[in-house]
Amino acid sequence: MKTILMTGLVALAALASPAMAQKPSCDAKCLTGIAQDYMEGLVAHEYKDLPWGDHVGFTENGVSINIGESLWGAITAAQDHPYIVTDPESGNVVWFGVIEEHGLPAYYGMRLKVVDKHITEVETTLGREGVPGAFKPADGYEVDRIFSQKLGEKAQSPREKMIAIVEGYFNSKQLNDGTLYTRFDDTCNRVVNGVSTTEGEDHWAAKAAKGCAHQLEIGLYKPVDRVRERRYPVVDVERGVVVALSMVDHASRYVTYETTDGQEHQMPLEYPNTLGLMEVFKIADGKIVRIEGVQALLPYFMKTRWGH
Amino acid sequence: MTGYGYGLLSAGLMAAAAVLAAPAQAQAPGFESAVIKVTCDRDCLIDHARDYVKALAAKDPSRLPLSPHVRFTENNVEMPLGNDGLWGSVSRVRDGALEVADEQTGNVLWSGIVEEHGNPAYLAMRMKVEGGLITEVETVVNRLPDMPKPFGDVDEVVHDPAFNEILPPEERRSRERLVAIADGYFNTVELNDGDVFTQFDDECGRLENGISTTAPTKGAKGGNASSLALGCEAQFKLGIYKINKRIRERRYPLVDVERGVVVASGFFDHANEFDRYKLTDGREMKTVLKWPNSITLLEAFKIKDGKIYRIEAVFTYVPYFMHSPFARPNTDFQTR
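Rules used throughout
Residues numbered from 1 in each chain as written. Chains lettered and ligands numbered in written order. Predicted model: local features only at pLDDT ≥ 70, side-chain atom pairs only at ≥ 80, totals over all residues. Heavy atoms only, no water. Helix = DSSP H or I, 4+ residues; strand = E, 2+ residues; numbered from the N terminus. Contact = heavy atoms within 4.5 Å. Areas by Shrake-Rupley, 256 points an atom, 1.4 Å probe, with all protein chains shown as cover. Expected span 1.5 Å × (residues − 1). Buried < 20%, exposed > 50% of the residue type's maximum accessible area, 1.4 Å probe, protein only. Salt bridge = Lys/Arg side-chain N within 4 Å of Asp/Glu carboxyl O. Buried area = accessible area lost by both parts, 1.4 Å probe. Polar contact = N/O pair within 3.5 Å; in protein donor to acceptor, adjacent residues only side chain to side chain. Nonpolar A, V, L, I, M, F, W, Y, C, P; charged D, E, K, R; others polar. Phe/Tyr/Trp six-rings, centres within 6.5 Å; stacked < 30°, edge-to-face > 60°. Lys NZ or Arg CZ within 6 Å of the ring centre and 35° of its normal. Disulfide = S-S within 2.5 Å. Pairing = 2+ DSSP bridges. Axes fitted to C-alpha atoms, helices over the stretch in contact; angles between N-to-C directions.

Turning next to the overall build of chain B. A tally of helices and strands in chain B yields five helices and 14 strands. Looking at chain B alone, contacts between residues at least 24 apart form 66% of all its contacts between residues at least 6 apart. Accessible surface, chain B: about 15300 Å² in total, of which carbon and sulfur atoms supply 52%.

Here is the structure:
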């Protein structure tokens, strides 16, 4: 048995080693170029010349749809200086910024997966004006520069640890009762669809309590029943960036609740709903420093092709 | 070896296979038996629907005769029945509803008003009953707040009694013709450019989420098509509904030939590839929303003498191009 197992392990190692040693077929520059080409094609409503794989998956706000439909038909402009983050190891690149539909700006998060320099997956999230929920007019919005800045070696964390920190954020938020399963920097701020949810007075959560950690420590997000379909397709260790995708379910079985500090709160939406989120996390010294994202209000418990 | 490999089967296996295969060969696709037996008549189906909303109000699904394999959707998302979605948030079911039943397919519609934590919402619910058990429940729940859409005063909603009236035989049409008339309505809405592919009664009226969108209505707010033209046909001849790129995943699970009623389900895709368009009289229109969206609906048609007389719909927004789990697998949206 021992011999067989060892033989198996040797075989596994042999199988694994070329992949581990293999240089990604598309590096950061290559991934960035493909994302830029995609956006140029999108704005021009021309998709046929893009480097498509044989089987392409495409979603907009969680719905599987053909390339050429939906935003491909409505877009009129895209931001000149978006935030782009790449992960050559996973072959993913994310473009995050502002687009316009018939002149109306919207927040746009787009993930591309590239295999052998061909696009095989396109996942997009749009935060649009007029939809209930967080939204600040997107004119002039730019993702914070901190996400592009490299960390000193000491402030960096291994890929797995970074994902665990973000996973811990979702675990803290889900059925939030004050227990923290992650760590935050004291300056942590979270911005979704251009609105700070942890500072200022523009969002119901920020009005109720300030700060990433404090909000979770008092159980402000108790109405979050589940954070599901969690995925972490982009990790940039040098910059301390993780891009996470998730579906946040609010069953709305109750609409008022008490936080651990004794305050009573009213839920902003009093019917079952789900938020589809693409969020970028900045992690330094093992702590979440900043979160920025785009969210779409979706039918309750909606699933996507990516979650299965 | 003979053709298709039959020669490899023993006589015993072949006999067993024949016994297993026989019932399936005797039925047409989609039918369990060549003889359609009505096991639950209209009253029985409507009782099932009323029991359902009573159980919903009590948040007690255990009262219901649910099939072990019951399928439940809320706004096209499939989920377990009884705890999530409206089942988790409902606080009241109001009396009075539009009720339609189809003894032949075992489907029933209940379309009325519910409340979630005291907030009113429109609920349209299609249920399928087979062998005394509920096998399918498909719901559209229209809630506020949301993007601009009709949402009538729930205290003022009147379901037209015409939906319950039995037609004299000369005003009835066959099941297939009734479906064709409703389908023609969707063909007219799709890419609406003034062409009319169905027939309307001169008095045709449409109630959408409790608001008449074909006649001036008290409480109607902006975006109501009745401010542009009155009457079903006149609106379509004007091309008001041009923004509908597709009416997709059309299904017609309920037909009541005696009463001339068809209930349809589907999606209206508003691609918003343009944000301005012209009516057939030359007037320019601007789309209310600038981005792609779809609406999901359950819509009842009353058809008298081959003409659409009344339409009552409950709809809400869903992400553009969303699908229904009840639509046929591999539905080709080009061919529907």
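On to helix 4 (residues 159-173) of chain A, then. Residues and elements named next belong to chain A. The end-to-end C-alpha separation of helix 4 is 22 Å, in line with the 21 Å expected for 15 residues at 1.5 Å each. Taken residue by residue, helix 4 has Arg-159, Met-162, Ile-165, Val-166, Gly-168, Tyr-169, Phe-170, Ser-172 and Lys-173 as its buried positions. Positive phi appears at Leu-175, one or two residues downstream of helix 4, with a value of about 55°.

With an omega of 0°, the peptide bond running from Leu-144 of chain B to Pro-145 of chain B counts as cis. Its identity as a non-glycine residue notwithstanding, Ser-70 of chain A has a phi of 60°, on the positive side. Note that Ser-70 of chain A resides in the loop between strand 2 (63-64) and helix 3 (71-74). Given the relative accessible area of 1%, Ser-70 of chain A is considered buried. Unlike most non-glycine residues, Asn-209 of chain B shows phi in positive territory, near 50°. Among the secondary structure elements, Asn-209 of chain B is positioned in the loop between strand 7 (200-208) and strand 8 (211-212). Of the residues examined, Asn-209 of chain B reaches a relative accessible area of 0% and is grouped as buried.

What follows is about the pattern of salt bridges. Taken as a whole and assessed by the stated rule, the structure comprises 52 salt bridges over all chains. A salt bridge links Arg-290 of chain A to Glu-292 of chain A; its shortest N-O distance comes to 2.8 Å. For the pair formed by Arg-290 of chain A and Glu-292 of chain A, the shared burial category is buried. Put simply, Glu-69 of chain A together with Lys-245, Arg-246, Arg-248, Glu-249, Asp-269 and Glu-273 of chain B are held in one network by salt bridges that share partners.

A few words on the interface of chain B and chain A. It is common to give the size of an interface as the accessible area that goes away when the parts come together. Tallying the contact residues gives 36 residues for chain B and 34 residues for chain A. Both faces combined, the contact of chain B with chain A buries some 2700 Å², and carbon together with sulfur accounts for 62% of it. It is His-117, Trp-291 and Pro-319 of chain B in chain B that bury the most area against chain A; as a group they hold 20% of the surface buried on that side. Counting across the chain B and chain A interface gives four salt bridges. Our enumeration of links across chain B and chain A arrives at 11 residue pairs in polar contact (both at pLDDT 80 or more). If you list the elements that add at least two residues to the side of chain B that touches chain A, you get strand 2 (77-78), helix 3 (86-89) and strand 9 (244-256) of chain B. If you tally residues by element for the side of chain B that touches chain A, the top one is helix 3 of chain B, at three residues. Class assignment of the residues belonging to the side of chain B that touches chain A gives a composition of 17 nonpolar, nine polar and 10 charged.

Next up on the list: the packing of aromatic side chains. Within this structure, the stated rule accounts for 29 aromatic pairs over all chains. Through a chain of ring-to-ring contacts, the aromatic side chains of Tyr-185, Phe-186, Phe-200, Phe-236, Tyr-241, Tyr-252, Phe-268 and Phe-301 of chain B assemble into a single cluster. The cationic tip of Arg-111 of chain A hangs over the ring face of Trp-306 of chain A; the distance from NZ or CZ to the ring centre is 4.9 Å.

Here we take up the environment of Gly-82 of chain B. Residues and elements named next belong to chain B. You can see Gly-82 is positioned in the loop between strand 2 and helix 3. Owing to a relative accessible area of 15%, Gly-82 belongs among the buried residues under this scheme. For the pair Gly-82 and Lys-59, spaced 23 residues apart in sequence, the C-alpha to C-alpha distance is 7.1 Å. When sequence neighbours within four positions are dropped, the list of residues in contact with Gly-82 reads Pro-61 and Trp-87.

Residue and element names in this part refer to chain A. Tallying each qualifying case throughout the model produces four disulfides over all chains. Shown here is the disulfide that connects Cys-26 with Cys-30, its sulfur atoms set 1.8 Å apart. An S-S torsion of about -95° defines the bridge between Cys-26 and Cys-30 as left-handed. Residue Cys-30 is classed as buried on the basis of its relative accessible area of 17%. Each bonded cysteine of chain B is numbered by sequence order, and under that numbering the disulfide pairs are 1-2, 3-4.

Residue and element names in this part refer to chain A. Judged by pairing direction, the sheet is mixed, and its six strands sit side by side in the order 9-8-15-14-11-10 without closing on themselves. Looking at which strands have only one partner, the edges of the open sheet turn out to be strand 9 (195-196) and strand 10 (226-236). In this sheet, strand 14 (residues 273-284) lies alongside strand 11 (residues 241-250) in antiparallel orientation, the contact comprising 10 bridges. Bridging across to strand 14, Ser-246 finds its partner in Leu-277. Along the sheet, helix 4 makes contact with strand 8 (184-192), strand 10, strand 11, strand 14 and strand 15 (287-298), crossing strand 10 at roughly 155°.

The next subject is the side chain of Arg-290 of chain A. All names here are of chain A. Tracing the backbone through its elements, the reader meets Arg-290 in strand 15. When its relative accessible area of 16% is taken as the criterion, Arg-290 is described as buried. A polar contact is formed between the side chain of Arg-290 and the side chain of Glu-292, at a distance of 2.8 Å. When neighbours within four sequence positions are excluded, Arg-290 is seen to be in contact with Asp-144, Ile-146, Phe-147, Asn-189, Val-191, Val-280, Phe-281 and Lys-282.

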